[in-house]
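# Descriptive analysis of the structure
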Amino acid sequence: MARIDSTSVVNISDLRRLAQERLPRVAFEYIDGGAEAEVTLRENCRAFEDVVFRPRSAVKVPGVDLRTRVLGLDLELPFLLAPVGSCRMFYPLGEAVAARAAGAAGTAYILSTLSGTRLEEVKAATSGPCLYQVYLCGGHEVAKKAIARAKAAGFHALVVTIDTPVAGLRERDVRNGTKELLTRNPFTMLPYIGQFLARPRWLAAFLADGGLMKFPNVELPDGPMPYADVGAALEQSVVVWDDLRWLRDAWGGPIVVKGVHTADDARQAVAAGANAIVVSNHGGRQLDGVAATLRVLPEIVAAVGDKVEVLLDGGIRRGGDVAKALCLGAKGVLVGRAYAYGLGAGGEAGVRRAIEILRSDLVRTLKLLGCPSVAALDR
Ligand SMILES: Cc1cc2nc3c(=O)[nH]c(=O)nc-3n(C[C@H](O)[C@H](O)[C@H](O)COP(=O)(O)O)c2cc1C
């Protein structure tokens, strides 16, 4: 495995390159890609370039305080690890590995419904808090079962993703034969198998970890949901505002609504009883052509920032990006690809390095800004 240390991996782009080297194309591009023309994917990152800092110079800041309170959790860092499905495809027991790295750094991990590791195992792997992201795959009763398990396992909050009434068209996935590879029919798979053979180490680790996954947290009547059914399952399980009611009753704890683009939807989420919202376009993987999240953040903070905690995700690749989102009113942020690249590049070491890069960027940025704490960042 590639060396992951502070000289060979200086930034998140380095982890991205290492992930590309270690993973088969279909897995790397599943992480890296976005929907359709990938306009929103690019805009999420580019929007950060349009926001410039106004530092206070000649200020001595001996130490900076990154601690942030989100949903009643005291976190050492103002960023959490976003729900990323299929992490077990990037690295053996990927979800547990990422959760452990998050906990070691003093932050929270959000487990996707579409994960390859049992939620109990993920919770047990980390010393930090876990949140559970729900899709309603398989219907309400199936979701209720997972929610009850998450509650029993000690998950802290439920994250309800509302931007996935149908899977976005990720064109790279189509070209890489994702659908064909999931048929398990050797003849259909054949044209796409070469990408696995080109990554024998990844392949050996993947097979040793059980090979093609099921989703053990989606317990259908005849067993865990098989890997092939994702698109159809999402389409049959659209989350609507009314669902927030029974989800709240079933869960009985803090609820986060993820996938808010507008002040209108933010107000709907508040009315539906959300404790926090995530301004998110799913990392540009769903509706292409929506605005970068950083651009809509101020509108949403102005609308509901005094009622709920407003978090943001999308495009965060540097600690400076985290600082910019906090300056514009986010209480904290989620990072997706930044740690997924790390996981693909080298498992726990890669996720730890991703977190450390963002943390040390943030410390340096605050010192350069002349600002002693993330809580003191403002416009
Ligand atoms: C490979 C991948 C899988 C994802 N799977 C999920 C998921 O299962 N549920 C969900 O709510 N969001 C999912 N997301 C979206 C992330 O939670 C998050 O919104 C997004 O990654 C943020 O953008 P960033 O990657 O630029 O940080 C996924 C993102 C990626 C990159």
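### Observations concerning the packing of aromatic side chains
By the definition in use, this model includes 7 aromatic pairs. Arranged with centres 6.5 Å apart and planes meeting at 75 degrees, the rings of Tyr109 and Tyr339 form a pair that is edge-to-face. With Tyr109 in strand 4 (residues 109-111) and Tyr339 in helix 17 (residues 337-369), the pair connects residues that are 230 residues apart, well separated along the chain. Judged by its relative accessible area of 0%, Tyr109 is buried. With a centroid separation of 4.9 Å and an interplanar angle of 25 degrees, the aromatic rings of Phe215 and Tyr227 are classed as stacked. Placement of the pair is Phe215 in strand 7 (residues 214-220) and Tyr227 in the loop between strand 8 (223-226) and helix 12 (230-235), with a sequence separation of 12 residues. Side by side, Phe215 and Tyr227 carry an identical accessibility label, which is buried. Over the face of the ring belonging to Tyr30 we find Arg285, whose NZ or CZ atom lies 4.9 Å from the ring centre. For Lys324, the ring lying beneath its charged end belongs to Phe53, and the centroid distance is 5.2 Å.

### Concerning the site of the ligand
Neighbouring the ligand are 22 residues, the closest being Pro83, Ser112, Thr161, Asp313 and Gly315. Between the ligand and Gly85, the relevant distance is 3.0 Å, taken from a nitrogen atom to a main-chain nitrogen or oxygen of the residue. Residue His282 places a side-chain N or O atom 3.3 Å away from a nitrogen atom belonging to the ligand. Coverage of the ligand by the protein amounts to 98% of the 600 Å² it exposes when considered alone.

The rules we used
Residues numbered from 1 in each chain as written. Predicted model: local features only at pLDDT ≥ 70, side-chain atom pairs only at ≥ 80, totals over all residues. Heavy atoms only, no water. Phe/Tyr/Trp six-rings, centres within 6.5 Å; stacked < 30°, edge-to-face > 60°. Helix = DSSP H or I, 4+ residues; strand = E, 2+ residues; numbered from the N terminus. Buried < 20%, exposed > 50% of the residue type's maximum accessible area, 1.4 Å probe, protein only. Lys NZ or Arg CZ within 6 Å of the ring centre and 35° of its normal. Near = heavy atom within 4 Å. Polar contact = N/O pair within 3.5 Å; in protein donor to acceptor, adjacent residues only side chain to side chain. Areas by Shrake-Rupley, 256 points an atom, 1.4 Å probe, with all protein chains shown as cover.

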